[in-house]
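Read off the chains here:
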Amino acid sequence: MELYKLTVHEAVDLINKKEVTYQQIVQSALQQIHEVDKDVKAFITLTDERALEDSRQLDAVKADEEGLSVLAGIPFGVEDNICTQGVRTTCASKMLDNFVPPYSATAFSRIARQRGVLMGKLNTDEFSMGLTTETSYFHETRNPWDLNRIAGGASAGAAAAVAADEVFYALATDTGGSLRRAAAFCGVVGLKPTYGMVSRYGVISSGSSMDQVGPIAKNVKDCALVFQAIAGSDKADPMTATARVADYVGALADDIKGLRIGLLRECFDKGIDKDVKEAVLNAAKTLEGLGAHVEEISLPSVELAPAAHCVILSAEVSSNLGRYDGIKYGYRVERCQDLDDLYKKTRTQGFGDEVKLRVMLGTYALSAGNYERYYLQALKVRTIIKAELEKAFEKFDAVVLPTCSTTAWKFGDKVDSALAMFLADKYTAPASIAGVPAITIPCGFDVNGLPIGMQLMGKPFSEATLLRIAFTFEQNTDYHIKRPAIDWR
Amino acid sequence: MEITVKDVEYLAEAAKFEFTEDEKQKFAQALSDVINAVDVLAQTDTQGVQPTIYVISVKNVFREDEVLPSMDRDILLKNAADVQDGCYRVPKVVE
Amino acid sequence: MKYEVVIGLEIHAELSTQSKVFCGCSTKFGAAPNTQCCPICIGMPGVLPLINKKALEYTIKAGLALNCSIARYTKMDRKNYFYPDLPRACQISQYDMPVCQNGYLDIVVNGSTRRIGINRIHLEEDAGKLLHDQYADSTLVDLNRSGVPLIEIVTEPDLRSAEEAKVFLETLRTILRYIDVSDCKMEEGSLRCDVNISIRPEGQKEFGVRTEMKNLNSFRAVYRAIEYEANRQIAIMEEGGTVLRETRRWDEGAGKSFSMRAKEHAQDYRYFPEPDLPPIEIDDEWVEEIRRQIPELPDQKRRRYVEEYGLPEYDAGILTSSKDLADYFENCVKLYENPKAISNWLMGDFLRLVNEKNIEISDVPVTAENLVKLLKLIDSKVISGPIAKTVFEEMFNTGKDPEAIVEEKGLKQITDRDELVKVIKRVLEENPKSVEDYKKGKKKALGFLVGQTMKATRGKANPQLVNEILLEELEK
């Protein structure tokens, strides 16, 4: 049996029926990694020995008939900007090439406490800044659906590893769409939770007011299982103080009758691939057919979201990345004349161009004389966007829109730049800017057979509703079942 | 809005980067592109609109004044490139 | 031309919380380098700050004691700059919404009261320490102090002399200690002061160009630096020059200040709201709860001592200069109804010994109960005044009960008439010359004979009784 192809709940069933051991599952995933990752290149760091040891111990425990959590023994991966104690965490940057954090991110710890098995750390763009992993210090991650194509960015490693069945699920971060874009490009499910729903403790800060950790999974049920494990308030992240956790797995009913769903008109007017447009509009029809009230809605201010997101993100990044100075951890230039030289050489050599550009952009936006025009103005526009969304959510349980305007493009087709990122964020930035939850699920394929993602946004803390709509859609379609058909061997 | 090479030099100094002349040109162009793209914000009427700093309504989250164990110094300093006498070492700082 | 000196102060006081402002590391002074640190206060990636509630409450308390209005809504901000003592390259501070604003502090200089405006008080974190002296070519960084809570108190430019600045600082320190928010030890760096100073021709309304003076490690340094800087600026003006806007570093050893950097291109700190910390709402109830924790402040206390206890202004001023001393005094007063006698003892031998031994008042081993016992022993004539001084010193050294000391050392006053008559007769026999002098009308000789009698009894004789008996015997 190809155990690595299973979903989390399928694997759990087999374990409970004692048809397979934890070691068999982990070995199967490891074998798949060895088989495909030389092509997909999802991993930066592999923790295979630790994974095998973990599974050996779990089998020993299971033999003693001790109750274990549902995620116990299931192989997973973690985007490499999420700290894992004792396992190097690089942010895909030369700056943190050798950084081994002495602490773990809360989201990771919660899975680790359930005895999930970490397979390794997954590629991302440098400090999550990019669309393609072309800014990664290590390598580019390739799309399992077509190795000549990008797997998205920044969370490409996480999405590709799940799509290629190298891990059962992954933890990734989303600041402007990173997790959702990569999941959409790789044909898997990705959830960006409400800001403050999952602890950011131990997640290497990018845009602090928007960063969130979420699951990337093979289907909605797995996504709910993982989200259940990581959601909820954490004393170490004050922004999670008001998080209210629901029964997400329990909310997965195949029933959306009477739910009100808005179809975001602005997304379908211009700048969208024909296939993507058709697939999402079809998906909306499917939802309608399943009993939801689907209605067009216009949110004119969301057009401003990418610009506001770009400015706020850059400003926060410029400050958050000041700490990388070669003194306490991370890369440090060998020779320098004086302190200023240490700073400049370390930071110039340690960071790539995309990061430098972002940092300078943020520095510019916060500078005296520019603050009001850029940073403060972006915060005010955020107010307008947020208010518009709040109003929409008075009427609708969710808003449907594409996750991306295109499917995965070929390496080299687009220049990876802050400007390109800005444009690519147009459908994902609104949820980030307003801090609301959004889920992406597969809803079709384009002419090249590449997956298309549909995005559902909801009001704060409405993850259960989003998961239920996504689950219902999934139960009545088969897009999620199709896996990349590439012959690796 | 045009970002000049001089602007890039100022920003590089503030952010502690050093660039060749070619790089300065390149960054000036790239920055100008983004700055122009985000100028839609400045064109937006925000009269009377308050800025949103925090997207969720969390407030007054505190910790009590309790001493917790600090981290073992050897572990703390393990990631540092240059350590001397239990301290981080940097080139001589002239005040 | 006559010039007026205009001074504003920026004071940093470390708050005396047990733990740091954004993490649980200890704030204790003097630990080995980097042993009171954690990922949060050394700025490791991904970890998040958490506000110490007590640090915020101390800030509010300081604001209330300095007559400020307290913000009902406030937030933390980031101040961005690179320096090795600032591990995140940004300091969490407050920019446009300080916790406290628009206060004042009344100070008494040369007998008259001056009201000095407090522009703002805000909460922020301290930076680490740089150690420059160990190695010639490198500097070491100790981050123990990184994240210790600080309040920055900014005055209006209301001070007009070095003396006023010094008195302001002393008064401020007394208050911060009274309300128990900072120990204000300048030598340990828990109180630091930057001085902004400018001069202007007397009568002119506009302010002159100001310089900022840093590295002032004592009140004396503040005083001297202001005097020096005012004279330097006056000399420049009188030569027709212009004062430069700059930061200057005070060198206490040299008694001079040196230019550090020109301030024409003011550094841009790019302040923006700290996105990792939720905002803070402070309601009336909370403010009132903190207000109730503020004890009677020195100014009120001084006036009360004059009115209630009939003490001279001078006594009241000294007794209220430290809360510990005032508390001690009030404990004594509760047990003994002669405030002036207590005041005399405290201002005399008590403070003399405190200063000689360089100890804190809270560490003095003499309890208020025992000091009062001593005073009662004098009143009941069990011991004499001079003996009481000896007994007090013993109490100060050992913490023993005065009665026990008197008993142990046989210091009880001799009030037995017959015994004293015997001693006096012997004194008179041994000093025929003085007796003769007295009889010839030299009344001064009596004093000598009293002295000899006291000496013979090792001070234990009741001086009044000695006088009485001597007169009787001499008249015989």
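Residues numbered from 1 in each chain as written. Chains lettered and ligands numbered in written order. Predicted model: local features only at pLDDT ≥ 70, side-chain atom pairs only at ≥ 80, totals over all residues. Heavy atoms only, no water.

S.K.: I would appreciate a short explanation of the overall build of chain C in the present structure.
M.R.: Along chain C, the regular secondary structure elements total 15 helices and 17 strands. In terms of C-alpha radius of gyration, chain C reaches 30 Å, well past the compact-globule figure of 23 Å for 476 residues. Its C-alpha atoms give chain C principal-axis dimensions of about 95 × 55 × 50 Å. Across the 476 residues in chain C, those meeting the buried criterion constitute 55%. Summing over all exposed atoms, chain C offers an accessible surface of approximately 21,300 Å²; the carbon and sulfur share of this is 47%. (Helix = DSSP H or I, 4+ residues; strand = E, 2+ residues; numbered from the N terminus. Rg over C-alpha atoms; globule rule 2.2 N^0.38 Å. Buried < 20%, exposed > 50% of the residue type's maximum accessible area, 1.4 Å probe, protein only. Areas by Shrake-Rupley, 256 points an atom, 1.4 Å probe, with all protein chains shown as cover.)

S.K.: Quick question: what am I supposed to make of the domain arrangement of chain C here?
M.R.: Interface extent is often summarised as the accessible area lost during association of the parts. Residue and element names in this part refer to chain C. Assigned domains of chain C: these are domain 1 (3-288), domain 2 (295-409) and domain 3 (417-475). Its C-alpha centre places domain 1 at a distance of 36 Å from the equivalent point of domain 2. Counting from both sides, the interface comprises 6 residues of domain 1 and, opposite them, 11 residues of domain 2. A buried area of about 660 Å², summed over both sides, lies between domain 1 and domain 2, and 71% of it is on carbon and sulfur atoms. When the buried surface of domain 1 facing domain 2 is broken down by residue, Thr174, Ile175 and Tyr178 rank first, second and third, together holding 70% of it. Linking domain 1 to domain 2 there are 0 salt bridges. There are 1 residue pair in polar contact (both at pLDDT 80 or more) connecting domain 1 and domain 2. With 3 residues, the single largest contributor to the side of domain 1 that touches domain 2 is helix H2 (residues 162-178). (Domains from an automatic or database assignment. Contact = heavy atoms within 4.5 Å. Buried area = accessible area lost by both parts, 1.4 Å probe. Salt bridge = Lys/Arg side-chain N within 4 Å of Asp/Glu carboxyl O. Polar contact = N/O pair within 3.5 Å; in protein donor to acceptor, adjacent residues only side chain to side chain.)

S.K.: Teacher, can you tell me more about the packing of aromatic side chains here?
M.R.: The geometry of two aromatic rings is summed up by the distance between their centres and the angle between their planes. Counted by the stated rule, this structure contains 33 aromatic pairs over all chains. Members of the aromatic cluster, connected to one another through ring pairs, are Phe99(A), Phe127(A), Tyr324(A), Tyr329(A), Phe351(A), Phe17(B), Phe19(B) and Phe27(B). Directly above the ring of Phe445(A) sits Lys482(A), whose terminal nitrogen or CZ lies 4.5 Å from the centroid. The ring of Tyr269(C) is capped by Lys79(C), whose NZ or CZ atom sits 4.3 Å from the centre of that ring. (Phe/Tyr/Trp six-rings, centres within 6.5 Å; stacked < 30°, edge-to-face > 60°. Lys NZ or Arg CZ within 6 Å of the ring centre and 35° of its normal.)

S.K.: Please explain the interface of chain A and chain B as it appears in this structure.
M.R.: Across the boundary between the two partners, chain A contributes 62 residues, which contact 52 residues of chain B. Carbon and sulfur atoms supply 72% of the area buried between chain A and chain B, which totals about 4,900 Å² over both sides. The largest share of the area that chain A buries against chain B comes from Lys344(A), Met360(A) and Tyr364(A), three residues that together contribute 13% of it. At the boundary of chain A with chain B, the tally comes to 6 salt bridges. Between Asp340(A) and Lys16(B) there is a salt bridge whose closest N-O contact spans 2.7 Å. Applying the counting criterion to the chain A and chain B interface returns 18 residue pairs in polar contact (both at pLDDT 80 or more). For the side of chain A that touches chain B, the secondary structure elements donating two or more residues are helix H9 (305-320), helix H10 (339-350), helix H11 (353-366), helix H12 (372-395), helix H13 (418-424) and helix H14 (429-434) of chain A. Of all the elements, H12(A) adds the most residues to the side of chain A that touches chain B, at 12 residues. Classifying every residue of the side of chain A that touches chain B by side-chain character gives 35 nonpolar, 13 polar and 14 charged. (Nonpolar A, V, L, I, M, F, W, Y, C, P; charged D, E, K, R; others polar.)

S.K.: When you look at the side chain of Gln91(C) in this model, what are you seeing that I'm missing?
M.R.: With respect to the secondary-structure elements, Gln91(C) resides in strand E6 (residues 90-93). Setting aside chain neighbours within four positions, we find Gln91(C) in contact with Asp77(C), Arg78(C), Lys79(C), Leu86(C), Glu124(C) and Glu125(C).

S.K.: Sorry if this is basic, but what is going on with the packing of H2(C) against helix H3 (residues 219-238) of chain C here?
M.R.: Packed helix pairs are specified by the crossing angle of their axes together with the interaxial distance, meaning the distance between the axes. Residues and elements named next belong to chain C. The geometry of H2 relative to H3 is characterised by a closest axis approach of 8 Å and an angle of 155° between their N-to-C directions. Between H2 and H3, the interaxial angle falls into the category roughly antiparallel. Seen from above, H2 lies across H3 with right-handed handedness. On H3, the residues touching Ala162, Glu163, Ala165, Lys166, Leu169, Glu170 and Arg173 of H2 are Phe219, Val222, Tyr223, Ile226 and Glu227. Residues of the contact of H2 with H3, tallied by class, amount to 7 nonpolar, no polar and 5 charged. (Axes fitted to C-alpha atoms, helices over the stretch in contact; angles between N-to-C directions. Parallel < 35°, antiparallel > 145°, perpendicular 65-115°, else oblique. Left-handed = near helix turned anticlockwise from the far one by under 90°.)

S.K.: Please clarify how the interface of chain C and chain B should be interpreted in this entry.
M.R.: On the side of chain B, 33 residues touch chain C, which itself brings 53 residues to the contact. At the boundary of chain C with chain B, total buried surface from both sides reaches about 3,700 Å², with 59% on carbon and sulfur atoms. Inspection of the region where chain C meets chain B yields 1 salt bridge. A salt bridge links Glu281(C) to Lys59(B), with the nearest nitrogen and oxygen atoms 3.1 Å apart.

S.K.: I'm lost on the environment of Leu313(A) in this one. Help?
M.R.: All names here are of chain A. Its place among the elements puts Leu313 in helix H9. By relative accessible area, which is 2% here, Leu313 ends up buried. Between the C-alpha atom of Leu313 and that of Arg358, which follows or precedes it by 45 residues, the distance is 8.5 Å. Apart from residues no more than four positions distant in its own chain, Leu313 is found in contact with Thr175, Ser206, Gly207, Met210 and Arg358.

S.K.: Honestly, the pattern of salt bridges in this entry has me stumped. Any pointers?
M.R.: Any two side chains of opposite charge can pair, so long as their charged atoms come close to each other. Taken as a whole and judged by the stated rule, the model has 74 salt bridges over all chains. Between Lys218(A) and Asp165(A) there is a salt bridge, with its nearest N and O atoms 3.0 Å apart. Of this pair, Lys218(A) sits in the loop between strand E8 (212-217) and helix H7 (220-230) while Asp165(A) sits in the loop between helix H5 (156-163) and strand E6 (169-174), and the two are 53 residues apart along the sequence. Taken as a pair, Lys218(A) and Asp165(A) share a single burial class, namely buried. Note that Arg232(C) is salt-bridged to Glu229(C), the shortest N-O span being 2.8 Å. Linking Arg232(C) with Glu229(C), this pair stays in helix H3, spanning 3 residues, or about one helical turn. Overall, the relative accessible area of 0% leaves Glu229(C) in the buried class. A network of salt bridges, in which partner residues are shared, links Arg200(A), Asp237(A), Arg78(C), Glu274(C) and Asp276(C).

S.K.: Sorry if this is basic, but what is going on with the sheet that holds E6(A) here?
M.R.: Hydrogen bonding along the main chain pairs the strands of a sheet, whether they run parallel or antiparallel. Residues and elements named next belong to chain A. Strand order in the open sheet formed by 11 strands is E1-E3-E2-E6-E8-E7-E12-E13-E11-E9-E10, with mixed pairing between adjacent strands. Taken across any chain shown, the strands that pair with only one partner, and hence form the sheet edges, are strand E1 (43-46) and strand E10 (293-297). Ignoring strand direction, the axes of neighbouring strands in this sheet form an average angle of 30°. Here strand E11 (residues 398-402) runs beside strand E13 (residues 451-457); their pairing, made up of 4 bridges, is antiparallel. Bridge pairing in E13 places Leu401 opposite Gln455. On top of the sheet, helix H3 (residues 48-63) reaches E1 and strand E3 (117-122); it is set at about 165° to E3, its chief contact. (Pairing = 2+ DSSP bridges.)

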